[in-house]
Every structure is written in structure tokens, then in C-alpha cells.
Amino acid sequence: MGLVSRPSRIRAVLGPTNTGKTHLAIERMLGHQTGMIGFPLRLLARENYDRVVRLKGARAVALITGEEKIVPPNPSYFVCTVESMPLDRVVDFLAVDEIQLCGDRERGHVFTDRLLHARGLSETMFLGADTIAPLLRRLVPDAEISSRPRFSTLSYTGAKKLTRLPPRSAVVAFAVADVFVLAEIMRRRQGGTAVVLGALSPRARNAQVGLFQSGEVDYLVATDAIGMGLNMDLDHVAFARLVKFDGHQPRRLAPAEIAQIAGRAGRHMNDGTFGVTDEIRELDPEIVEAVENHRFDPLSRLFWRNARLDYRSLRGLIASLETRPTLPGLAPAPPADDHAALRALAQMSDVAGLATHPAAVRLLWEVCQIPDFRKVLSDTHARLLAQIYRHLAGPRGRLPIDWVAAQVDRLDRTEGDIDTLMMRIAHIRTWTYIAHRADWLADAAAWQERARAIEDSLSDALHDRITQRFVDKRSAYLMRRLADPGELLASVSAAGEVKVEGHFVGRLDGFRFRPDLSASGDSAKTLLAAAQRVLRGEIARRVARLAAAPDDAFALDDRGAIAWNGGTVGRLTAGAHALQPRVEALASDYFEGDHRETVRRRLAAFAAAHLRRRLAALFRARDAELSAPARGLAFQLAEALGSLPAHTAAPLLRVLSRADRKALGRLGIRLGVESIYHDSLLAPEAVALRGLLWAVAEREKVPTPPEAVGAPRDAAIGAGAYAAMGYRVLGPRVLRVDRVEHFTVRLRQLARQGGFAITPELARLALCTVDELSAVLPTLGYRATRQDGGAQYAARRHPTRHRCAGRRRSSRPETADSPFAKLKELSLVR
């Protein structure tokens, strides 16, 4: 096609976004036998290719981009990126979209070339913004220029906090770091956001847009990549930044650029709004008026680069690229990436030595046009291009398969963070472009498939990483449903797991809701709000079930908490005395009316029955028909939780009759010299419960029961706690009261002789060591001394020690030949 001498109708359809220009162009193209349309983005080309295929069938349509070529035999229609338009094809209709990009510093020269030279036999159509109209009229005087109004209005709404943005909003920044910061804020405050960056592959970008379009998230954070080619159901665009780096320096957005991005809000007949976030100052009134009324300063120049290149020599090629335009309104394009790459390669002596004839120079130029999707330092990209050129200019004239495989295979990895995956995608896109040069690679189709598969795999992984980082799907969904006054579907499993609309939001611990621990901040607030909507009815039903539950549905733990159905619902508190604690139902935000009192009464009934069952001996003795002294002793024993020192009950013990003693014995009460105790309440389970009841009554920490009948004393546990559990403190040791009785019987037997040696056998009886026994004996009224010259100990009964069981002590005269008298003579006991 190229330059066409035969006149054809040239139309320029100009106007703001959302005017139906692209739809008109596709419709016009399909009205011709053949046609071609060029789009500024691969994404747009693919989207419209799919659209035309649906209308005309795959055999009639070709797709040509730098990285993708689908060309059936004899296609009628070509959908392309502007750079990839096959201008040697003659077609009836030709169109170029976003023609105002002639004014773009980086790509403008390509669009300008199409404006000046690309024509259809019957009809040519240029689509774009009104800003190009004056220069287009000057450069293409035959063009019929028409303007189309926007289908909907675009209105400015001022500044808003990120948290106040309406659903279906896009937040715009320009640096990737800013986008990620904003996306993190939106995830925390709004449940999640889709993310669109220019660095995303088309597949990853489509997946993110799909996340927004499907309604999984209501917000989008993006760069100006959304300003072109992405058709979404956006209602509002909020600018979080108005300064971008244009490749040379930071600069403020021009009003037309603001309009291009803001124009994404509103679709077809639905009005849209735009504004700024509260982090930046509001737009000037003049800019607002220009955007709302689509009136902007026209382009003052279009960028141009010579398309008639001189391939006779490397120097001639560079010179032809730097030729200046002669037409008014055109400006020389800044050196593009391919031009910069050519200059870099020309400085390499071996490369320059290969480019010595027109075919070699042309090949070098084609290599230099391999795009640098990575946007890395130019020397890195230049080194890759130089290596490619050396292979292609060598004897084989193709890229070595092993070398290509090594380059491609190292990119086939999906681990890594978002930045790593974006870099790999950019690199594999370069190889996808190379693979579409069938004259450079053996089995190019297979390499195209391989590169595309890797790009798809990386894109899917990137989409997943972005979604995992910036989308809390649960919170986003629940926030949308909470905005709906309708009833929410909820369920509570037997284990207490609470699900709302199928999403796990937390669990019920008794009647208290505990949000999912993985949620925090605003996400946790969302879960609480969802729970508020659904749990009140469930709590009422649970209260009714608890009130009717049998005792075996409850459990009292070793901290005094009462559980039901695996959740804590109440706890013991201090009552009238240790054996009659009060019961408190734990508070719940979801109790209504008398729910808490209903729960408390049922728990109190369970606790009373539980104590009667576990401490049956105490209650049986307290309630038995006994004489007054025996009943008094039984009550004292109950208040002491099953054991008490004998000396505290001495007055009652002295007046007990033989019948009383027998009656108490039948009830399991043992009347010892040292202690009075219930022998059935010395089992570990009963000991633990006694310690718990003491702690509740005294409002103290629950003591840890000793692990054995005799054990080292825990300094953190007082003598009162040990006594309540049926243990006696004996210096550094504690010993269960029944074992104390057995031990003191043996001590009395030994003491009748006046004195005795401390032996390992005696220490074992006290469940301690010989050294510990010397500290234990004084607590029982005995005195220990060390024999000179050895480790042997001796002890004798303390003269002030008295029995406490009400029996008269018998005195025994100390004979001159008694062991103690002999020790005394040796001054071993003083």
C-alpha cells in the first residue's frame, strides 16, 4: 500500500473519550471487502480482533502485533498495532486510532508516518482527540474532519479522602511505588483493589481489569495506562498525583492528558465524575472547565522521523534517521529506542565490521527495532541486540537453538515477588517478539508457542501475587453485601465457625464472637459488622439450647471457666464460702433481654450439681444425721474443703463420743493426730478442684496441685492454698495430710526412746532426702543436730509439742541408759 496515488476519501473523526469512534471505525471497515485498522496498544488490538472474529469468523481476520501474529490464508481484515501495520498490503479501508499520539515524544513519529502516508483504496479514517485538528487540516488538507460529542457528561467533584471514594472508582498515580502504596491503603480500608500498570503483560492486565469488572473489587489503582484502551465500568476517577516522569524529567499533566484519563469515568450514556484525593491540592478552575467541556489547546507540533532510510552504509542509515522535516508543523522526533540502540551498536567495532553492505545494514536496523520491554539500562539491551546480530550476520544466518533455549528457559520460573515477575514478563515479551521473526529462528512457530506459554504462566502468577497482596476478597465481598439491606446468608458450624455468604469471618466462643485472627484494622471491622447482622438470631437460638442442655453438655476447667459446646460461657466467682461459689455468665455483644440471666441460672445449676458430684463426701457428711459435735466437725471440714489441722478442731474432738467417731469414720472422715481429713478427697482430680475452689473464694491465682504425694514446695503457693488441697507445708517440702499421719506415727515411735538417728529409710518415709529431713522435722516439733565429725543427724521430741486429738500425753522418764541420754552426755544435743 504505502503511498497511494489514487484518491480516496479521508475522514478524521475526532472527539473526547466515550464517543463511539472505535465502534464507528470497525463498522465502516466491515462495510468494505478488505480493511486494516491500527491501534496504539497490543491490548486494544487483541480486544478488537476478538470482536471482529465474532462478527466475521477467524478465517477472515488477521491479528498482527509485535508479539503476536495470527494470519490465516487470505484474510480480509487486519487488526494491528500501529507499528505493526503491514503497509505493503492494499486494502479498501484503513484506520488509525488515537491519531493525536503524533504529538507523543516516544512514538509520535510512527503515528505521523501513518497520518501522512497510510491510505485505504476507498476510505481512510483517523480517530483521535480534537487537539490534532489544526495540524491535521494543514498536513492532510483533503481530510473531512468531524467531531463527535461525548455520550455522557463528565463532572468535577473536588477532593475526597481515599476512604470516602465511591464504589467503582479508579485512583491514579504514575510511579509504581505510589501505586503500590495506594493499593495497600485501599486493601486495608476498602477490602481490596485491582491494580493496572503499564508494565503488566496484557494477560495480567486483563485479569486485573476482570477482577474489577466482575465486581470482586470496587476499586482500581492504576497508572495512566488506563487512559487508553481499557473500557471499564468506572464511575469516578480520582487523581492521587498530577506529576509524572516523562522519561526526561518530572512534569505536571497537561489538561488534555487529565481529560484522557478522567474520561474513563462514565460509559456510554452513564455520566462520570473525576476529582483528586485529599493528598494533593485541587485542580485549578481553568483546568476543570477545560476537562468538563473538552476544550484544550491544540497540538503545536507533530513528531516526525524519516521513513525513507538509506541502507547503503551504517553511517548513511544513521544520517537518514536524523534528517529533519521540511513540512511546517513537524518536529524531529527525539532519538527513539531503536535509534539509540543503533548508535550504541555502531560503536562496537565487530558489529560495525559486519554491517558493510545494504543487506547487513538493513538486518542491523531490524535487530535494533527489537523492543526493550524491560526498560533497563540501554547498554544491557544493546549487548543483547549485539549478540543477536552477530549470530544472524554469521555463517548460519540464524540464532543458535541452544543459546535461545538457555535464554528462554531461565525465564520459565514463577517464584518471586511482583517486581521479579514483571521483569521476567518484560524479558519474555522481548523473546516473543524475536520468535515471530521466522527468518531468524528454526521452527519459529514452536518458539512462539513456547514464549507465549511462559508469558501466560508468568502473567497468571503475577495476577495471583497482585491479588494476594492487594485484595482481601472476603472483606471486599462482605462490604458490598453489607451495603445491601437484604438478609445475609450465615451459618455456624458445630465447632462454632461462623460463615457469612460462604466466607469464614470468625468463630463463636460460647456467646462471644472472635473475628478471624488473620484480619486486622478495617478488615476486622468489616467482619464484626457482618457478624452483627447475622449473629443476634443465632445467639438467641443458642441461649435456648443451652437452657435445655443436660449437665454432661457442660465442663468446668481447671481455671474456673465453664464451657458449653466447646466455648467458654461462664466462670466461677467468690460466693458465700468456698463450697458455694457464685457463677457469672460471660458478657456478649449479642445478648438481648434476659439472655445473660438465663445463661447464668443454667450454669449455676450445673456448677452446684457438678460440685456435689465431684465432692460428694463433703456434702454427704455435711448433710448427715449426726450429733451436734460431729455435725460441727463435718461443717468445719466442709468449709475447709476436706481437711483441717487437728488442733483447730481440738474442742470438738475432746467431746466426741465413741459412737460419733464411728459415724464419722463411716462417712470417710479420718481423725488423725495431725489432721482431720476425708480420705476420698485426696485423689488428684479432687485435689485440683479443691485448689480451684480455694482460689475462687480467696480471689487468688489458681494453685498448681503437687505432682506427687510429697513434693518440693512452690514458693508462689501459700500454706493456705496447700491446706485447701490437702497438703501440709513442711519446710522446703509439702506432704499430703494422710502421709503426714503415717510419718508422724513413726516419729512418735522413735521418740519414745528419747532420741533417734536420721536415716535414709526415715527420709524415704517422708518422701524427701536426708538433708531435707533436717528442715522438715522442726515443723513437726522435732529438733535436729549434726554429730561431730560426720553427716549423721539425731533428733528428739520438742518438749512444748502437744497432741491435738484430745488424748492425754503419757510421760516417760528418761533413763540414764537411754540413747538420748547418751547423746546428751556427748554434747551432741543441746
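Residues numbered from 1 in each chain as written. Predicted model: local features only at pLDDT ≥ 70, side-chain atom pairs only at ≥ 80, totals over all residues. Heavy atoms only, no water.

### Points about the sheet that holds strand β27 (residues 643-645)
Backbone-to-backbone hydrogen bonds pair the strands of a sheet. The strands run either parallel or antiparallel.
No. 1: One open sheet accounts for three strands, arranged β27-β29-β28; its pairing is antiparallel. In this open sheet, the two strands that pair with only one neighbour each are β27 and β28 (669-671). For this sheet the average axis-to-axis angle between neighbouring strands, irrespective of direction, equals 10°.
No. 2: Where β28 and strand β29 (residues 675-678) come together, three bridges link them in antiparallel fashion. Note on β29: the bridge partner recorded for Ile 669 is His 678. (Pairing = 2+ DSSP bridges. Helix = DSSP H or I, 4+ residues; strand = E, 2+ residues; numbered from the N terminus. Axes fitted to C-alpha atoms, helices over the stretch in contact; angles between N-to-C directions.)

### Overview of the pairing of strand β24 (residues 561-564)
No. 1: Across three bridges, strand β23 (residues 554-556) lies against β24 in antiparallel orientation. Following the sheet pairing, Ala 555 is matched in β24 by Ala 563.
No. 2: Following β23, the chain reverses through four residues before pairing antiparallel with β24; Gly 560 in that reversal takes a positive phi of roughly 90°.
No. 3: In this antiparallel pair of consecutive strands, β24 and strand β25 (residues 567-577), the connection spans two residues, and Asn 565 shows a positive phi of 55°.

### A look at the sheet that holds strand β4 (residues 69-70)
No. 1: Pairing is mixed in the open sheet, where eight strands are placed in the order β4-β3-β5-β2-β6-β7-β1-β8. Since the sheet does not close on itself, it has two edges, and those belong to β4 and β8 (144-147), each with one partner.
No. 2: Examined bridge by bridge, strand β2 (residues 35-39) and strand β6 (residues 93-96) share four bridges and lie parallel to one another. Residue pairing for β6: Gly 35 is matched across the bridge by Phe 93.

### Looking at the side chain of Thr 598
No. 1: By secondary structure assignment, the location of Thr 598 is in helix α19 (residues 595-614).
No. 2: Residue classification places Thr 598 among the buried residues on the basis of a relative accessible area of 18%.
No. 3: If we skip the residues at most four places from it in the chain, Thr 598 touches Val 543 and Ala 547. (Buried < 20%, exposed > 50% of the residue type's maximum accessible area, 1.4 Å probe, protein only. Contact = heavy atoms within 4.5 Å.)

### Overview of the packing of aromatic side chains
No. 1: Evaluation of the coordinates by the stated rule reveals seven aromatic pairs.
No. 2: Considering the side-chain rings of Phe 180 and Phe 470, the 5.5 Å spacing of their centres and the 35° angle between planes classify their relative orientation as tilted. Separated by 290 residues along the polypeptide, Phe 180 in helix α5 (residues 176-190) and Phe 470 in helix α16 (residues 444-470) bring together distant segments of the chain. With respect to burial, Phe 180 and Phe 470 carry one shared label: buried.
No. 3: Pairing Trp 403 with Trp 431 gives two aromatic rings, centres 5.5 Å apart and planes at 70°, and the pair type is edge-to-face. Of the two residues, Trp 403 is situated in helix α14 (residues 401-409) and Trp 431 in helix α15 (residues 418-435); the sequence distance between them amounts to 28 residues. One exposure class covers both Trp 403 and Trp 431, and it is buried.
No. 4: The side chain of Arg 168 reaches across the aromatic face of Phe 212, ending 3.8 Å from its centre.
No. 5: Note that Arg 469 overlies the ring of Phe 180, its terminal NZ or CZ placed 5.0 Å from the centroid. (Phe/Tyr/Trp six-rings, centres within 6.5 Å; stacked < 30°, edge-to-face > 60°. Lys NZ or Arg CZ within 6 Å of the ring centre and 35° of its normal.)

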